[in-house]
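# Notes for the structure review
Here are the chains, one letter per residue:
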Amino acid sequence: MTSTPESFAPRDWDSQPPLVAPDYKSTRLRGATKPLIPIKQSLSELTGPVFGHDALHPLDNDLTKNGRKDGEPPGEPLGERIVISGRVVDEAGRPQPGMLVEVWQANAAGRYVHKVDQHDAPLDPNFFGGGRCVTDAEGVYRFMTVKPGAYPWGNHANAWRPNHIHFSLFGPSIATRLVTQMYFPGDPLLDLDPIFLATPEAARGRLISQFDLALTEADFALGYRFDIVLRGAQETPMESGR
Ligand SMILES: [Fe+2]
């Protein structure tokens, strides 16, 4: 199907965090302070392919396996195994198949595999912290991973990020990338987190996954559901522009 500029409904800014959220310190410097200038998109931005489905590896959506390094028997990342799954839909509830969903996260101790992450917590030799998959015909994605730990960050004194998983979604073109974060129910750090709190209160709950017994794997992993709505009255808050 060929996309047209009319196919992208305007974003509902009542559901989205502002570009500058003063309590989220770095947005004071990097957030746009002048009105955004819409750029008219041509057919090439709207239809150009951005990824090949053939490039995906069968283990790409299993973060408990795609970073294993230890020898025999193969090592396994430490932490609480969880399944994360959900459906990606548009404003009319129509499933969005063929979307590239990428995730990245800290390990169970709250540490990223990244040289600028200097949190005094152990790296896990068997956990890389990144995964990807493509939504199926019903718009469903699924990941196996371990629950990420909380970690401190320099926003303010004794600031800790709640447990979260970063999400990126690519639609059929480069103009349709969306980035957001998924949180966990009952996390006491949510009420203290300037990034979470930057999203308007009425829309914050859409960033929190739900425990779902149907998604658990018996005797193996707990399950959390995180559905993503791209536009409309129930749209998922995103991080575009930041
Ligand atoms: Fe993070």
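Residues numbered from 1 in each chain as written. Predicted model: local features only at pLDDT ≥ 70, side-chain atom pairs only at ≥ 80, totals over all residues. Heavy atoms only, no water.

### Things to note about the pattern of salt bridges
Working definition: two side chains of opposite charge can pair if their charged atoms are close together. Stated formally: Note on definitions: salt bridges are taken to be side-chain nitrogens of Lys or Arg within 4 Å of carboxyl oxygens of Asp or Glu. Secondary structure is summarised from DSSP: a helix means a run of H or I of at least four residues, a strand means a run of E of at least two, and numbering begins at the N terminus for each. Exposure categories follow from relative accessible area, calculated using a 1.4 Å probe and restricted to protein chains: below 20% of the type maximum is buried, above 50% is exposed, and the middle band is partly exposed.
On inspection of all chains with the given rule, the structure shows nine salt bridges. Of the charged contacts, one joins Arg 132 and Asp 60 as a salt bridge, the two residues approaching to 2.9 Å between their closest N and O atoms. Of the two residues, Arg 132 is situated in strand β3 (residues 130-134) and Asp 60 in the loop between α2 (43-47) and β1 (81-89); the sequence distance between them amounts to 72 residues. Judged by relative accessible area, Arg 132 falls into the partly exposed class, the value being 27%. A salt bridge links Glu 76 to Arg 81; the shortest N-O distance between them is 2.8 Å.

### Brief notes about the nonpolar core
Note the threshold: Buried residues of nine kinds, namely Ala, Val, Leu, Ile, Met, Phe, Trp, Tyr and Cys, make up a nonpolar core once their side-chain atoms join them within 4.5 Å. In this description, contact between two residues means that some pair of their heavy atoms is separated by no more than 4.5 Å.
By size, the foremost hydrophobic cluster in this structure holds 23 residues, and its most contacted members are Ile 84, Tyr 141, Phe 167 and Ile 228. Of all the secondary-structure elements, those providing two or more residues to this core are β1, β2 (100-104), β4 (140-146), β7 (164-170) and β8 (177-183). In contact with Phe 167, not counting residues within four places along its chain, are Ile 84, Val 101, Glu 102, Val 103, Trp 104, Tyr 141, Leu 178, Val 179, Thr 180, Met 182, Phe 226 and Ile 228.

### A short note on the confidence of the model for the chain
Regions with low pLDDT should not have their predicted coordinates read in detail. What counts is decided by this rule: Confidence scores labelled pLDDT are given residue by residue by the predictor and lie between 0 and 100.
Mean pLDDT for the chain: 89, with 92% of residues reaching 70 or above. In this model, residues 1-6 is a region of pLDDT below 50 whose contacts with residues beyond four sequence positions or in other chains number nine contacts.

### Let's talk about the packing of aromatic side chains
Put simply, the rule reads: Each aromatic pair joins two rings of Phe, Tyr and Trp (for Trp, the six-membered one) with centres within 6.5 Å, and gets the label stacked for planes under 30 degrees apart, edge-to-face for over 60, and tilted for any other angle.
Counted according to the given criterion, the structure contains eight aromatic pairs. Judged by centre distance (5.9 Å) and plane angle (75 degrees), the rings of Phe 211 and Tyr 224 are edge-to-face. Here the residue Phe 211 occupies a position in strand β9 (residues 210-211), and Tyr 224 occupies one in strand β10 (residues 222-225), the gap between them amounting to 13 residues. Residue classification places Phe 211 among the partly exposed positions, given a relative accessible area of 42%. Judged by its relative accessible area of 7%, Tyr 224 is buried.

### A look at the coordination of the iron ion
Put simply, the rule reads: The rule for donors is simple: an N, O or S atom within 2.8 Å of the metal counts, and for Na, K and Ca the reach is 3.2 Å. Water is not among the atoms, so a site may look short of donors.
Around the iron ion, the protein contributes the donor atoms Tyr 112 (OH), Tyr 151 (OH), His 164 (NE2) and His 166 (NE2), at 1.9 to 2.2 Å from the metal centre. Sequence spacing of the donors to the iron ion: Y-x38-Y-x12-H-x1-H. Placement of the pair is Tyr 112 in the loop between β2 and β3 and Tyr 151 in strand β5 (residues 151-153), with a sequence separation of 39 residues. Assessed through its relative accessible area of 16%, Tyr 112 is described here as buried. You can call Tyr 151 buried: its relative accessible area is 12%.

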